[in-house]
Amino acid sequence: MNPTGRPPGLPSSPEPSSPDPFVPDLSEGAETGVYLALLELLDEGLIITGDEVILDANSAACRLLQRDYRQVAGRPLTELFPSEEAFLAARARVLIQGEKRGTLSFALPGGELCSLDFVAAPRLRPGIHAIILSAPGARPAAQAGTALAATSPAAPTAPARTGPAAPARGSARARRLPRPEAEPAQDDKADMRAMYLACHDLLTGLPNRRLLEARFDDGVARALAQRTSMGVLRIDIDGFKAVNRAHGDTVGDAALQHLAHRLNQAGGSRALVARERSDSFLVLLPELDLPGDAGRVADALLAAVAQPLALGAHSLQLTASAGIALFPQDGRELDTLLRHARTALGQAQRLGGNNHQFFNGLADSLGFDMAYLENDLRQALEADELLLHFQPLIDARSGQVCAGEALLRWQHPELGLLPFRRFIGAVSDPTLLARVGDWVLAAACRLARQWPATASGSTPRLTVNVGIEQLIHGDFAERVAASLRSSGLPPQRLELDLDEKVMAEDGSNLAETLRRLAEIGVRLAVDDFGRGLSSIPRLRRYPLKAIKLDPALVRGVGRSEDSEAVVEAISGLAATLGLEVYARGVEEPGQQAFLCALDCQLQQGPLFGRPMPACEFEAFLAASAQ
């Protein structure tokens, strides 16, 4: 079996007549240095950059910018610009709004400004961009036949410099703007400031609705081309008006600034978090492979808000609610999706807040109150409306299927097939949640008993998610033992994935329940590890065998140095504690390779296989054994 689970997809080649510059394919992990070596033959400068850090540059780029290679590669992109505002404005134009041609002002090491024409290829893949630079008037080979937009008059060229950063011959020489006649530079700064203010919220520094609209239009084109989805979220801070009443507007504004930063961090590099007004935020999630991915990001955002917030002498404990609408199934226009996200947000708030809800088109058109789902779910247990899908867990080095994770679905008679995250927020009765969880456990054990062996002769394990409601309701260990006895599934083939919130619970009963489960041979793992809730000493307290990385962290691999550092730290911690590490939400071969290098070869996600009905999963196992 191919360890990646599917043939690698290649982007379509541009037509010969396309005016766009040639874009090297970096999607399969090819080294950027190969392309840079070829482009050393050109006089134009080439920069390969992430969202904030320069990844590489050719010699011509170094000459134009009058810097040594070591002063460019690996350095923050903001260092190339005269100010932070100038950098943010340029990033908004080129990397976010997707402007492909124009002129940018760069800061030279001596303090002067130079204005260079650019041709950009933003988002070669998520978080990777290419920018070709040339002196004004020089036409880059990458865009022959296309004129660049000039934004300022010609100026004298800079005199030649000695050393490795000396400018190239005339066609690749940077233009210096004379400092005594600073009006053009002041005009540029004013334009940049105006552009920044037009696209950002003054209080929090987050993008505003205007910038989100531009990013949405760009995301629609990519979603349609790649046949992916997008998520639009509305987030309101629960009861925030009470904060202003109790502590004043100054504390309220400071709280919003801290919350904006948390949301921006929790959303990850792929999300665009914007402030709409007051305590209302919007989030755009491009390139979603699975609708459930939007729910997992919403969980991370709400968890970030729920962390205690200390503001001087004031200590706040806040929560938030979120509504989610998906492109294209819930709408193709941003206004439609935002309206539907507002409807879903209202439902989340009616359920008590501190949760997220997906928009349900049929329920909305029928005037259906989601609160009735709780009663319907009780009937569904008796009416045989619940069913299970399974998603494979793969050894990414060998390609062997190691386990299948049971995922609950509800075939609602009016609303159709509902994934677990679409309806669980409507259930407030912990006893009902425990009954549903027990049904999943018993049904999954029966189905897993029939799974065929793999090519190695072993039969994949079954993994089942367990909530705190099940663990504290009655004798859970005995119910697990009864499910194993009735199904005939060996205990060693069952793994129970505990929500990370379980680790925050105290009490001897919980510890005793987990100890009894381990004694009969059931494996225990912590799910969604890395959201910040787990205490390290608690990992040692309980008889755990594995931890599963939070998918939001895994998605950050290859895009965020912070995410990679956290994943590496968790892997080192797990090795010290003798725990296996699983990775959920793996989407790209580069993520697969990074995780394998950390001995985290047990992986799950769209790269290896999506959730599938029980019969299809059994056939999938049979095919993988051949």
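Everything numeric in this text was worked out from a predicted model, so none of it was measured. Residue positions within a chain follow its written sequence, with the count starting from 1. Totals for whole chains, interfaces and linings use every residue, but because this is a predicted model, local features are given only for residues with pLDDT of at least 70 and side-chain atom pairs only at 80 or more, for both listing and counting. Excluded from the side-chain calculation are hydrogens and water; included are all heavy atoms of the structure.

Here the focus is the environment of Lys548. Position of Lys548 relative to the elements: it lies in strand E20 (residues 546-549). Relative accessible area decides the class of each residue, using a 1.4 Å probe on protein chains only: under 20% of the type maximum gives buried, over 50% gives exposed, and in between gives partly exposed. Judged by its relative accessible area of 2%, Lys548 is buried. Sequence spacing of Lys548 and Leu498 is 50 residues, and the spatial spacing of their C-alpha atoms is 9.8 Å. Look past the residues within four positions of Lys548 in its chain and what remains in contact with it is Thr463, Glu495, Asp497, Val526, Asp527, Asp528, Phe529, Tyr582 and Arg584. A run of H or I in DSSP counts as a helix once it spans at least four residues, and a run of E counts as a strand once it spans at least two, with each numbered from the N terminus. Residue contacts are counted whenever heavy atoms from the two residues lie within 4.5 Å of one another.

What follows deals with the pairing of strand E14 (residues 386-395). With 9 of 10 residues buried, E14 is to be regarded as a mostly interior element. In short, DSSP must find at least two bridges between two strands for them to pair. The turn joining E14 and strand E15 (residues 401-412), which pair antiparallel and follow one another in sequence, is formed by 5 residues; a positive phi near 80° is taken by Gly399. Sheet analysis places E14 next to strand E22 (residues 602-604), joined by 2 bridges and oriented antiparallel. Each residue of the ladder has a partner; that of Ile394, found in E22, is Gln603.

Reading across from one edge, E8-E9-E7-E12-E13 is the order of the 5 strands in this open sheet, with mixed pairing throughout. Each edge of the sheet is formed by a strand with only one pairing partner; in this case those strands are strand E8 (272-277) and strand E13 (356-358). Looking at each pair of strands side by side, their axes are set apart by 20° on average, direction ignored. Angular values range over 0 to 180 degrees, each being the angle between N-to-C directions of two axes fitted as lines to C-alpha atoms, with helices fitted over their stretch in contact. Against the sheet, helix H5 (residues 209-226) engages strand E7 (229-237), E8, strand E9 (280-288) and strand E12 (320-327), with an angle of about 20° to E9.

The N-to-C vectors of helix H13 (residues 430-448) and helix H15 (residues 476-487) enclose an angle of 30°; their axes lie 8 Å apart at closest approach. Looking at the two axes, H13 sits roughly parallel to H15. Viewed along their axes, H13 and H15 form a crossing whose handedness is right-handed. Between H13 and H15, the contacting residues are Asp438, Leu441, Ala442, Cys445 and Arg446 on the first element and Phe476, Arg479, Val480, Ser483, Leu484 and Ser487 on the second. An angle counts as roughly parallel when it lies under 35 degrees, as roughly antiparallel when it exceeds 145, as roughly perpendicular when it falls between 65 and 115, and as oblique in every other case. Rotating anticlockwise by less than a right angle from the far helix to the near helix defines a left-handed crossing, while the corresponding clockwise rotation defines a right-handed one.

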